Every structure is written in C-alpha cells, then in structure tokens.
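Chain residues, written in single-letter form:
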Amino acid sequence: MKDILDRNQNKAEEVRTLLREKKVMMVNIISSPGAGKTTLLERTCEALADKTRIGVIEGDVATDRDARRLQKYNIPIVCINTGGGCHLDSHSISKVLGHFALDNLDLLFVENVGNLICPSQFDLGETFKLAVVSTAEGDDKPAKYPMLFTGARAVILNKTDLIPYTNFNVAAFESDIVSLNPGITIIKTSATGGEGTDRWIGWLTSQLESFRAG
Ligand SMILES: Nc1nc2c(ncn2[C@@H]2O[C@H](COP(=O)(O)OP(=O)(O)O)[C@@H](O)[C@H]2O)c(=O)[nH]1
Ligand SMILES: [Mg+2]
Ligand SMILES: [Zn+2]
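Residues numbered from 1 in each chain as written. Chains lettered and ligands numbered in written order. Predicted model: local features only at pLDDT ≥ 70, side-chain atom pairs only at ≥ 80, totals over all residues. Heavy atoms only, no water.

(A) Seen up close, the coordination of the zinc ion (ligand 3). Binding of the zinc ion (ligand 3) to the protein goes through C86 (SG), H87 (ND1) and C118 (SG), at separations of 2.0 to 2.2 Å. Binding-site remark: the zinc ion (ligand 3) is held by donors from one chain whose sequence spacing is C-H-x30-C. For C86, a relative accessible area of 35% translates into the label partly exposed. (Donors = N, O, S within 2.8 Å, 3.2 Å for Na, K, Ca; no water. Buried < 20%, exposed > 50% of the residue type's maximum accessible area, 1.4 Å probe, protein only.)

Put into structure tokens, the structure is as follows:
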C-alpha cells in the first residue's frame, strides 16, 4: 500500500506542476454515491460556463451517464470507467489530460468515484479537494470518515431542502468538521432547488482568482 501511494504521489506532483504551469485549477470532488456531485456540476456549468472555461473528468465504475448529463453545456468531458475500481488515481488523471486543450481551460473538475474512503487517500494533483455530503446520509459522516474532511478545503452540505424530513443536526455536523479542520469552508446548498448555490459559485470564483494570482 505504501509503494502504491508513493507512486501515486509522485505522479500527482507531476500533474500539479503541469496544471500550475497551464494555470488550470483542478477540483477533486469526493462524496458518497448520490450526494449530488453531478447536480452541483450542472448548477456550476449553468452559472459559469459562459465566462469560465470548464472541463470535467467523470470517474465512474460503469456507464457514461454523468458525462451525458453534462454534455448540454458544450464543455470538454472525459469519462473514466474504473471497471470496479473504487477511486481514481493520479496515473489515470495524467493519462487523460492529453484529451484537454489545457491552454484553453481555467477550471477542471474531477468527479471522483462515489466513495468516502480511498478517494481521500489518492492525491490526483488537484488544487484542492471538495467534499460533498447530503443531509440524507446522517450528520455523523465527518466523525466516521475523518480523512476526507481533514484533507478538503471546503465541504458542501447538500440537500438542505430535505432537512425537515430527517434527523440531521446541522450544528453537530459543523462542529465535528471544524474540530477536524478549523480552517475549512462549509457551504449549504440545495443543488436541485438552487438555494445556496450562489454562495458556492462566489466562493469558487474567489478560489479561482487567488489561484491565478499565484
Ligand atoms: N432533494 C434534493 N435532491 C437532490 C439534491 N441534489 C441532488 N439531488 C438528487 O439526488 C440524486 C443524486 O444526485 P447526483 O447529482 O446524481 O449525485 P452524485 O452521485 O453525487 O453525482 C438525484 O436524483 C438528484 O436529483 C438536492 O439538493 N436536493
Ligand atoms: Mg454523479
Ligand atoms: Zn478505492
């Protein structure tokens, strides 16, 4: 495992250096299946695709369904089917980067395989990791899967529209996250209803500006 992670880390640093040179900010989106990663990408493309040059790497065990959901935004999309693999690694990212015209890209999203465990261990060369949690999953997930939350720059708490139908405790969720990672940003959204997505877009835009400023 250590050898695998060391090899992954070396390739990740290569990817990070290349993207830095090309001024492409890469966001590695990690969540359990169904938390709303693709829906959030749909809202993000709607808000930004006319002013920001976006590309997407869709990681899935099987099918190109998520890639097809994003086709309507006319952005470059590459689909990686892992065929059973439960995470993406930096070698798979490095292999597909050649399919993008990196000189014509500002923002590259990676939708990782839905899984809270090993995607947080495999550095892809991203600028930062974004964790997405939905209210239907229970508020205990940060405490139970701490690695993702210690390593992420921001957490989206999605499906806030469902809170009245669950026992999700927002204050307990937030305090568990902050005790793992005091500097983290937490943004609450309903990706289907649209509430809070403006805050996400504002935060993302500010990250892109500071990335470009170096
Ligand atoms: N009620 C509600 N449903 C949502 C929200 N975001 C996504 N969904 C639904 O949750 C399901 C999974 O969403 P998807 O974006 O495919 O999740 P992914 O597996 O993380 O990419 C879909 O049926 C979405 O329509 C939300 O904010 N509120
Ligand atoms: Mg998806
Ligand atoms: Zn895995």
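(B) Region of the structure containing the coordination of the magnesium ion (ligand 2). Protein-derived ligands of the magnesium ion (ligand 2) are T38 (OG1), D66 (OD) and E111 (OE), with the metal-ligand distances lying across 2.1 Å. All donors of the magnesium ion (ligand 2) come from a single chain, and their spacing in sequence reads T-x27-D-x44-E. Of this pair, T38 sits in helix α2 (residues 37-48) while D66 sits in helix α3 (residues 65-70); the two residues are 28 residues apart in sequence, bridging distant segments of the chain. There is no split in this pair, since T38 and D66 are both buried. (Helix = DSSP H or I, 4+ residues; strand = E, 2+ residues; numbered from the N terminus.)

(C) Structural detail: the packing of aromatic side chains. Going through the model one piece at a time under the given rule, you end up with three aromatic pairs. Pairing F128 with W203 gives two aromatic rings, centres 5.4 Å apart and planes at 80 degrees, and the pair type is edge-to-face. Residue F128 is found in strand β5 (residues 128-134), and its partner W203 is found in helix α8 (residues 197-213); the two are separated by 75 residues along the sequence. The same class applies to F128 as to W203, namely buried. On the numbers, 6.1 Å between centres and 25 degrees between planes, the contact of W200 with W203 is stacked. Here W203 and W200 lie together in helix α8, a separation of three residues that amounts to about one turn. Across the pair, exposure class does not vary: W200 and W203 are buried alike. Taken together, the aromatic side chains of F128, W200 and W203 make up a single cluster linked through ring pairs. (Phe/Tyr/Trp six-rings, centres within 6.5 Å; stacked < 30°, edge-to-face > 60°.)

(D) Fine view of the environment of K2. For K2, the position within the fold is in helix α1 (residues 2-21). A distance of 2.8 Å separates a polar atom in the side chain of K2 from a polar atom in the side chain of D6. (Polar contact = N/O pair within 3.5 Å; in protein donor to acceptor, adjacent residues only side chain to side chain.)

(E) Main features of the sheet that holds strand β4 (residues 107-111). Taken together, the seven strands give an open sheet; going across it, the order is β3-β2-β4-β1-β5-β6-β7, and neighbouring strands pair in parallel fashion. Two strands lie at the open edges of the sheet, namely β3 (77-81) and β7 (185-188), each paired on one side alone. Taking each pair of neighbouring strands and ignoring which way they run, the sheet shows an average axis angle of 20 degrees. α2 rests against β1 (25-31), β2 (54-60), β4, β5 and β6 (152-158) of the sheet, and its axis sits at about 170 degrees to β2. Contacts between helix α7 (residues 170-180) and the sheet are confined to β5, β6 and β7, with β7 contributing the most and set at about 155 degrees to the helix. (Pairing = 2+ DSSP bridges. Axes fitted to C-alpha atoms, helices over the stretch in contact; angles between N-to-C directions. Contact = heavy atoms within 4.5 Å.)

(F) Up close: the site of ligand 1. Residues in contact with ligand 1 amount to 17 residues; listed here are only the nearest, G34, K37, T38, T39 and D161. Between an oxygen atom of ligand 1 and a side-chain N or O atom of K37, the distance comes to 2.8 Å. Within the side chain of T39, one N or O atom sits 2.5 Å away from an oxygen atom of ligand 1. A total of 580 Å² of accessible area belongs to ligand 1 in isolation, and the protein chains cover 73% of it. In terms of residue count, α2 provides more of the shell around ligand 1 than any other element does, three residues in total. In terms of residue class, the shell around ligand 1 is built from four nonpolar, eight polar and five charged. (Near = heavy atom within 4 Å. Areas by Shrake-Rupley, 256 points an atom, 1.4 Å probe, with all protein chains shown as cover. Nonpolar A, V, L, I, M, F, W, Y, C, P; charged D, E, K, R; others polar.)

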